[in-house]
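Close look at the chain arrangement
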Amino acid sequence: MKRVLNFIDGEFRPPCSGRYIPDVDPATGQVIAEIAESGPADVDAAVAAASRAFESWRKTPAEERSRLLLRVAELIEENFDELARLESEDNGKPIALSRRMDVPRAVLNFRFFATAILHAETRAHMTDDRALNYTLRAPLGVAGLISPWNLPLYLLTWKIAPAVAAGNCCVAKPSELTPLTADRLAALTVEAGIPPGVINIVHGPGASAGRALTSHPKVPLISFTGGTKTGADVMACAGPLFKKVSLELGGKNPNIVFADADLEQAVATSIQSSFSNQGEICLCGSRLFVERAIYDEFLARFVDATKKLRIGDPQDSSTDVGALVSEPHLRKVEGYVELAKEEGGAILAGGNRPADLPQRVRGGYFLEPTVITGLDCARRVMQEEIFGPVVTVTPFDSPDEAIAYANGTRYGLSASVWTRDLQNAHRVAAALDSGTVWVNTWLLRDLRVPFGGMKESGVGREGGFDSLQFFTEAKNVCIKL
Ligand code: NDP
């Protein structure tokens, strides 16, 4: 059985505990690997290795850092098929999706930040004829990077690439549920020639390995992506140590369809935004609001398209919807479907475990894409992040009502607005409490834009130069003239 070891100081090491936890393929329920069960001692060793490596990595010219990171991107491409398969096996996502989204984005993350550092500029301020101020930006040291299971390689590289490109060294802690592509990436960084200690990966449970990182006194910055509740714990650990913290947290994203929208496009994209990756994307639009004039027609088309989605073996390239990441997560999502019924909702599609799955995946954690109507916006199902293939559909009568519904949660990560009326689009976009607003699209990402959430969806912005700013510290130098 494959053993996933920690990657510290350029080598693979067993955990200090000597213990391992099982890694399950959620499509089959079978154990496919064992993962190092790490704790504070492993994190200590990784932080020490990263601190040592930092002394020379911070002085390595940007061009050389860029060359090495571009080589990592190339190696990800050379190992594309294997990484796509591992991601699908580990997470349960359709292989078509890991080929289309996860692995290409990992390549892009490295390319983007490897080249961005070649174009970085700093600022200068003349104080009349009295002084010249200029800003230096320097890496901070060891970055602690904690990523979730839904887009494992995509989000891990979204953190590693800017952290290391900016001259920091890092200790990354991927989710214990999906360690396989992180493990493969570690080997590729060796092949690329990244010096030992620059990138370290420690596996294991969040409560031990993750917490050891967020409370480690020699880790001055933490970039965390995960649930809002965990984010609060990260903040509580990091706060007293005055760490720089970036939190990308949960969402309960609204998807607002006005009567003048291109209906065909709105339905097709809403299917994607509701059910891609089994609804396990922080940016999924889990609350659909549809203007009453087209509500019935939209709903009929949407339910019909939902029922046509192919749910099945993630390794089959024609599968649209794969398995949820784990049995506890499946139960949690099913619990929300039951709650929706108790709260008075009607299930128009899905709601059950599929009956006729291929033999190979009958032990997996599958749930039919589920459409719920008839719920009041204050109900728990419409307030709490479900993070599964479950969407609610609600009619609205005016733009103001749609905005009030959309903003009526504690989250504020992303939103989609469907309308052909430009003024309406601008007005609604400006009024939404949301870090990102898409108009007539969803998940169209430009890596230069600021990315992050409002309210309980996060703190800070990453993406483009926002990431490079987060992973460096500004110093003002004032010279009297
Ligand atoms: P969790 O918050 O449970 O876990 C995220 C990461 O934190 C994992 O690596 C986890 O380790 C680790 N962790 C858990 N507890 C602690 C702790 N006390 N201290 C430090 N680290 C800890 O989230 P999920 O993995 O369940 O991911 C789903 C959540 O992520 C959803 O809420 C989703 O919305 C959000 N998300 C947000 C995104 C954004 O950009 N805003 C993007 C993608 C997801 P382990 O899993 O091993 O326990």
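Summarised in this report is the structure supplied together with it. (Residues numbered from 1 in each chain as written. Predicted model: local features only at pLDDT ≥ 70, side-chain atom pairs only at ≥ 80, totals over all residues. Heavy atoms only, no water.)

Examining the overall build of the chain
Within the chain, the secondary structure is distributed over 14 helices and 23 strands. In summary, the chain has a C-alpha radius of gyration of 23 Å against a globular reference of 23 Å for 481 residues, a match within 12%. Overall, the C-alpha framework of the chain stretches about 65 × 65 × 40 Å when taken along its three principal axes. Counting over 481 residues, the chain shows a buried share of 58%. Across the chain, contacts joining residues at least 24 apart in sequence account for 75% of those joining residues at least 6 apart. Roughly 19,100 Å² of accessible area belongs to the chain as shown, and the carbon and sulfur atoms make up 53% of that amount. (Helix = DSSP H or I, 4+ residues; strand = E, 2+ residues; numbered from the N terminus. Rg over C-alpha atoms; globule rule 2.2 N^0.38 Å. Buried < 20%, exposed > 50% of the residue type's maximum accessible area, 1.4 Å probe, protein only. Contact = heavy atoms within 4.5 Å. Areas by Shrake-Rupley, 256 points an atom, 1.4 Å probe, with all protein chains shown as cover.)

A word on the environment of T28
On the secondary structure map, T28 appears in the loop between β4 (20-25) and β5 (30-36). Taking relative accessible area as the criterion, T28 reaches 11% and is therefore assigned buried. Those residues in contact with T28 that sit more than four places away from it in its chain are R360, V361, G363 and G364. Separated by 3.1 Å, the side chain of T28 and the backbone nitrogen of Q30 make a polar contact. (Polar contact = N/O pair within 3.5 Å; in protein donor to acceptor, adjacent residues only side chain to side chain.)

Comments concerning the packing of aromatic side chains
Applying the stated criterion to the full structure yields 9 aromatic pairs. Counting every residue linked through ring pairs, the aromatic cluster contains F112, F113 and W158. The ring of Y20 carries R3 above its face, with NZ or CZ at 3.8 Å from the centroid. Positioned above the aromatic ring of W158, the side-chain terminus of R105 is 4.7 Å from the ring centre. (Phe/Tyr/Trp six-rings, centres within 6.5 Å; stacked < 30°, edge-to-face > 60°. Lys NZ or Arg CZ within 6 Å of the ring centre and 35° of its normal.)

Describing helix α9 (residues 263-275)
In an α-helix there are 3.6 residues to a turn, and that puts residues three or four apart on one side. Under the 1.5 Å per step criterion, the end-to-end length of α9 is 18 Å for 13 residues, consistent within 8% with the ideal 18 Å. Considered for burial, the residues of α9 that qualify are L263, A266, V267, T269, S270, I271, S273, S274 and F275. Tucked inside the fold, the buried residues of α9 contact β13 (253-257), β14 (285-291), α10 (292-308), β16 (370-373), β17 (390-396) and β19 (414-418). Just downstream of α9, N277 is the residue with a positive phi angle, here 55°. (Expected span 1.5 Å × (residues − 1).)

Comments concerning the pairing of strand β8 (residues 142-146)
Within a regular strand, the side chains alternate between the two sheet faces. Among the 5 residues of β8, 5 are classified as buried, and the element is accordingly described as predominantly covered. Of the two faces of β8, the one carrying V142, G144 and I146 and the one carrying A143 and L145 are both buried. Alignment of β8 against strand β9 (residues 169-173), held across 5 bridges, turns out to be parallel. Residue I146 lies in a different strand from β9, and its bridge partner there is K173. You can see the chain leave β8, run along helix α5 (residues 152-165) and come back into β9, and the turn it takes is right-handed. Looking at chain direction, β8 and strand β11 (residues 221-225) are connected through 4 bridges and run parallel. Each bridged residue has a counterpart across the sheet, and for G144 the counterpart in β11 is I222. (Pairing = 2+ DSSP bridges. Right-handed = clockwise from strand over helix to strand, strands pointing away.)

Things to note about the site of the ligand
Contacts to the ligand come from 29 residues, most closely from S147, T230, L249, C282 and E385. Contact distances for the ligand include 2.8 Å between an oxygen atom and a side-chain N or O atom of E176. Residue T230 places a side-chain N or O atom 2.6 Å away from an oxygen atom belonging to the ligand. Here the shell around the ligand gets 3 residues from one element, more than from any other, and that element is helix α7 (residues 206-214). Considered class by class, the residues forming the shell around the ligand number 12 nonpolar, 11 polar and 6 charged. (Near = heavy atom within 4 Å. Nonpolar A, V, L, I, M, F, W, Y, C, P; charged D, E, K, R; others polar.)

Structural notes on the pattern of salt bridges
Note that side chains of opposite charge can pair when their charged atoms are close. Taken as a whole and judged by the stated rule, the model has 29 salt bridges. Between R111 and E77 there is a salt bridge, with the nearest N and O atoms lying 2.9 Å from each other. Of this pair, R111 sits in helix α4 (residues 95-116) while E77 sits in helix α2 (residues 62-78), and the two are 34 residues apart along the sequence. The exposure class of R111 is partly exposed, given its relative accessible area of 29%. Overall, the relative accessible area of 40% leaves E77 in the partly exposed class. A salt bridge links R448 to D446, with the nearest nitrogen and oxygen atoms 2.7 Å apart. (Salt bridge = Lys/Arg side-chain N within 4 Å of Asp/Glu carboxyl O.)

Observations regarding the sheet that holds strand β1 (residues 2-4)
What the 3 strands build is an open sheet, ordered β1-β5-β4; its pairing is mixed. This sheet does not close on itself; its edge strands, each paired only once, are β1 and β4. The sheet shows a mean angle of 35° between the axes of neighbouring strands, direction not considered. Strand contacts of helix α6 (residues 180-192): β1, β4 and β5, with the helix running at about 80° to β1, the strand carrying the most contacts. (Axes fitted to C-alpha atoms, helices over the stretch in contact; angles between N-to-C directions.)

Side note on the nonpolar core
In this structure, I76, F110 and I160 are the most contacted members of the largest nonpolar core, which totals 83 residues. Each residue touching I76, except ones within four places of it in the same chain, is listed here: L83, V103, A106, V107, F110, L185 and L188. In this structure, Y365, L367, L375 and A415 belong to the second largest nonpolar core, which totals 27 residues. (Core = buried A, V, L, I, M, F, W, Y, C linked by side-chain atoms within 4.5 Å.)

Quick word on the side chain of S434
Here S434 is to be found in the loop between α13 (422-431) and β20 (436-439). In this structure the side chain of S434 is engaged in a polar contact, spanning 3.4 Å, whose partner is the backbone nitrogen of S414. There is a polar contact of 3.3 Å between the side chain of S434 and the backbone nitrogen of A415.

Description of the packing of helix α3 (residues 80-91) against α4
Relative to each other, α3 and α4 sit at 115°, their axes nearing to 9 Å. Considering how the two elements wind past one another, α3 and α4 form a crossing that is right-handed. Contacts from F80, D81, L83, A84, R85, E87 and S88 of α3 reach α4 at I95, S98, R99, D102, V103 and P104. The class makeup of the residues in the contact of α3 with α4 is 6 nonpolar, 2 polar and 5 charged. (Left-handed = near helix turned anticlockwise from the far one by under 90°.)

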